[in-house]
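What the coordinates show
The primary structure of each chain is shown beneath.
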Amino acid sequence: MSKRVFVCLAGIDGSGKSTVSSEVLKKLDGYKYVWARWEPFFLKPFIQLLNKKTNRTAGSRTDESVYANKKGIKKKILRSQFIKQTWLFLAECDYFLQLTLKVCVPALLSKKILCDRYIYDFYVDQLINIEKSPQQLLRFIQRRMLSVFPKPDLLFYIKISPETGHRRKKDGTSVAYLKERKEYYDSLKTLYKTVEIDGEENLEVVVDKVYKEISLIGSEGCE
């Protein structure tokens, strides 16, 4: 009987999660690709308004100043604990429904899944929004979503510098934005079976390392 295997990739923007996933899937047999990024629904009107307001005042400002402005506006709106908890609750409701469709349903149809982004990426963004420290990330992950949704057999953290992420993205993603998130991702190394990959290395080297680890867990996975 084939074994069930659930593998996830996490890391800051520009770390190469999607590219690595695409290349690794060419070498793997029987894996289904799942892109599990959070897509706002309940909070979408607010986020669109925030982006519109930020873009209107951006002008010729730098990526860093635009991000600082956006962060400042969001901080003013999420100034009370009640508003922060309401924001988190609505985001979690959104993501709960999305994960049911994106992860749970495919898991019933396919025994092997390679997931690009997952609960880890979701909570990094949300804890920054509600001003929780990186040290609290694991508590939120384990006590909330992972108490309901499947735990990966293997989690890859593709680690790069914020400067590398900024250079690769070329879409206005600021170094400050990436640097803030990297602190949270760095705490993932304390999770069981987290494999840290140097994303600064050549793509072929990174893909080969990920493929070899998945091959090992695939032969050992859970029934």
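Preceding this section is the structure that the text describes.
Now for a look at the structure at hand.

Scoring rules and cut-offs
- Residues numbered from 1 in each chain as written.
- Predicted model: local features only at pLDDT ≥ 70, side-chain atom pairs only at ≥ 80, totals over all residues.
- Heavy atoms only, no water.
- Buried < 20%, exposed > 50% of the residue type's maximum accessible area, 1.4 Å probe, protein only.
- Helix = DSSP H or I, 4+ residues; strand = E, 2+ residues; numbered from the N terminus.
- Arc of directions from axis to C-beta.
- Salt bridge = Lys/Arg side-chain N within 4 Å of Asp/Glu carboxyl O.

1. Details of helix H7 (residues 162-169)
- Residues of H7 that are buried: Pro 162, Thr 164 and Gly 165. Down the axis of H7, the buried set is contained in an arc of 160°. They therefore lie on one face.
- Directly after H7, the chain includes Lys 170, whose backbone phi takes a positive value near 55°.

2. A closer look at the pattern of salt bridges
- Per the counting criterion, the structure on display carries 15 salt bridges.
- Of the charged contacts in the structure, one is a salt bridge between Glu 92 and Arg 144, with a shortest N-O distance of 2.6 Å. Highlighted residues: Glu 92 in helix H4 (residues 81-109) and Arg 144 in the loop between helix H6 (137-143) and strand E4 (154-159), separated in sequence by 52 residues.
- Assessed through its relative accessible area of 12%, Glu 92 is described here as buried.
- Since its relative accessible area comes to 32%, Arg 144 is described here as partly exposed.
- Across the salt bridge formed by Glu 201 and Lys 209, the nearest N and O atoms sit 2.7 Å from each other.
- Overall, Glu 201 belongs to the partly exposed group, its relative accessible area being 30%.
- Several salt bridges converge on common partners, so that one network encompasses Lys 71, Asp 125, Glu 180 and Arg 181.

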